[in-house]
Amino acid sequence: NFELHTMSWLKQLVTAPTGIRSLRMPASRHLRFTRSVSGAVHPIDEGLVDIETVVEIPSEKLREAKAFTTRVGEELSDKSLHTVFAHESHDGSIVNQRLASIGKAVLRLHTLEHCLIKYTHLPDTSLQAVANHVTSTPFLAQVARDLGVGHALHLGKDSNGVALELTPAAEASAFEAFVGALHMEKGSAQARQYTRDFIIHTLEKGDLSQFIKFEHPKATLKSVLETLGEPALTTKLVKESGRLSHLPTFVIGAFSGERLLAQAASYSLATAEHEAVQQALYDHFTEAVANAPLPSDADNYVPEEEINVMVAAEEQSPSETEKTDN
């Protein structure tokens, strides 16, 4: 439900005529978030949440954990490191699973936010596919492996006393737990930046075409052009060679009116047309908004003290306000 509400809120921000940075969370909603638990400090505001240590990893693993934080340019307390890198059962569950759950949510949120704002045409199914991909075990395990997470991971025993092994799932979980610990101890801004540096950066270097698949691409492109009020789709043979040979080459272009959308070459006319249409769709859906401001970057955050003053001012009657001004 949280993810659905977040997606809905982000989509409203994209279409808001006033712009992202001019929007402000209602005072009542802000106060409701920050006062859910009396006296609690929320990571999104201050960080510095004390993480309880239930298992202490060996000293040599702690040294490896600190070396890891140095490599990635972050810093966490020893308490957090003991929890993040403890792949061991305690009270029936793996020690770092709670932090890993938070970390997965953080990774997913900031990936969805980035893609939704930067790629404004990307379909919802593709957005979800991207988010699923970057929070999948194979993807995160590879990132963790590249950063050397496994060297610091303490492998204990499961609830049955059986020794645990270094698996992709264990590496991915430790990476997620590290992100969760950053969020809890250092605050959401630092966890967000870490996500951008090591997840979104990796995603940007890859190929998004794997997430943009259509069963009927030609019909989809026709519908897109019609929705945009553009001239209808046509496909034309742009050039060819060796038609009568064993290795013919056909280049087909996908056009909207006279505008060339994309072109592709193949040994058959049908395949060339299909790939040209697919490329046109890919170019449309991955058209990026340069330097798009993200909601989580908004610099109009208002501290609770200022909100209290604003609420009090709004509750004043006009006559009281005039008296105050006089």
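Just so you know, these numbers come straight off a predicted model, no measurement behind them. (Residues numbered from 1 in each chain as written. Predicted model: local features only at pLDDT ≥ 70, side-chain atom pairs only at ≥ 80, totals over all residues. Heavy atoms only, no water.)

Participant: Requested: an account of the overall build of the protein chain, with residues and values cited.
Facilitator: Each helix and strand in the protein chain was counted, giving 14 helices and seven strands. Looking at the protein chain as a whole, 40% of its 326 residues are labelled buried. Look at the contacts in the protein chain between residues 6 or more apart in sequence, and 66% of them connect residues 24 or more apart. A total of about 18,500 Å² of accessible surface is found on the protein chain, and carbon and sulfur atoms cover 53% of it. (Helix = DSSP H or I, 4+ residues; strand = E, 2+ residues; numbered from the N terminus. Buried < 20%, exposed > 50% of the residue type's maximum accessible area, 1.4 Å probe, protein only. Contact = heavy atoms within 4.5 Å. Areas by Shrake-Rupley, 256 points an atom, 1.4 Å probe, with all protein chains shown as cover.)

Participant: Pulling in residues and values, what's your account of the pairing of strand β6 (residues 249-256)?
Facilitator: Most of β6 sits inside the fold, with seven of its eight residues counted as buried. By the bridge criterion, eight bridges tie strand β5 (residues 233-241) to β6 in an arrangement that is antiparallel. Of the residues in β6, the one forming a bridge with Lys236 is Gly253. Two strands pair when backbone bridges link them, and β6 and strand β7 (residues 259-266) are joined in this way by seven bridges, in the antiparallel orientation. Counterpart to Gly253 in the pairing with β7 is Gln263. Count of turn residues in the β6/β7 antiparallel hairpin: two residues, of which Gly257 carries a positive phi of about 65 degrees. (Pairing = 2+ DSSP bridges.)

Participant: Describe the side chain of Thr135, with residues and values.
Facilitator: Inspection of the secondary structure puts Thr135 in the loop between α6 (124-134) and α7 (137-147). In this structure Thr135 comes out as buried when scored by relative accessible area, which is 8%. Of note is the side chain of Thr135, whose polar atom sits 2.7 Å from the backbone oxygen of Ala131. The residues touching Thr135, leaving out its near neighbours within four places in the chain, are Lys104, Leu107, Arg108, Leu140 and Glu176. (Polar contact = N/O pair within 3.5 Å; in protein donor to acceptor, adjacent residues only side chain to side chain.)

Participant: How would you explain the packing of aromatic side chains if you had to name every residue and give the values?
Facilitator: What the rule picks out here adds up to six aromatic pairs. Their ring planes at 80 degrees and their centres at 5.0 Å tell us that Phe68 and Phe178 sit as a pair that is edge-to-face. Of this pair, Phe68 sits in helix α3 (residues 59-72) while Phe178 sits in helix α9 (residues 168-186), and the two are 110 residues apart along the sequence. Residue Phe68 shares its accessibility class with Phe178, and that shared class is buried. (Phe/Tyr/Trp six-rings, centres within 6.5 Å; stacked < 30°, edge-to-face > 60°.)

Participant: If you had to explain the sheet that holds β5 to someone new, which residues and values would you point to?
Facilitator: Read across the open sheet, the three strands follow the order β5-β6-β7; overall the sheet is antiparallel. Two strands close off the open sheet at either side, each with one partner strand: β5 and β7. Averaged over all pairs of adjacent strands, the angle between strand axes in this sheet comes to 25 degrees, irrespective of strand direction. Contacting β5, β6 and β7, helix α11 (residues 217-228) runs over the sheet at an angle of about 125 degrees to β5. (Axes fitted to C-alpha atoms, helices over the stretch in contact; angles between N-to-C directions.)

Participant: Tell me about helix α12 (residues 269-285), and please be specific about residues and values.
Facilitator: Along its 17 residues, α12 runs 25 Å from first to last C-alpha, staying within 8% of the 24 Å computed at 1.5 Å per residue. Among all positions of α12, only Ala272, Ala276, Val277, Ala280, Leu281, His284 and Phe285 are buried. Considering only its buried residues, α12 is in contact with α11, β5, β6 and β7. (Expected span 1.5 Å × (residues − 1).)

Participant: Let's hear about the packing of α11 against α12: which residues, and what values?
Facilitator: Helices that pack against each other are described as a pair by the angle of their axes relative to one another and the distance between those axes. Axis separation between α11 and α12 bottoms out at 9 Å; the angle between their running directions is 45 degrees. Looking at the two axes, α11 sits oblique to α12. As for the relative orientation of α11 and α12, their crossing is left-handed in sense. Touching Pro217, Lys218, Thr220, Leu221, Val224 and Leu228 of α11 are Glu273, His274, Val277, Gln278, Ala280, Leu281, His284 and Phe285, all from α12. (Parallel < 35°, antiparallel > 145°, perpendicular 65-115°, else oblique. Left-handed = near helix turned anticlockwise from the far one by under 90°.)

Participant: Tell me about helix α10 (residues 188-205), residues and numbers included.
Facilitator: In this model α10 runs 24 Å from its N-terminal to its C-terminal C-alpha over 18 residues, within 8% of the 26 Å that 1.5 Å per residue would give. Its maximal kink placed at Arg196, α10 deviates by approximately 40 degrees. The complete set of buried residues in α10 reads Ser188, Ala191, Arg192, Tyr194, Thr195, Arg196, Phe198, Ile199, Ile200 and Leu203. Buried residues along α10 sit in contact with α3, α5 (97-118), α6, α7 and α9. (Bend = angle between axes of the 7 residues up to and from the residue.)

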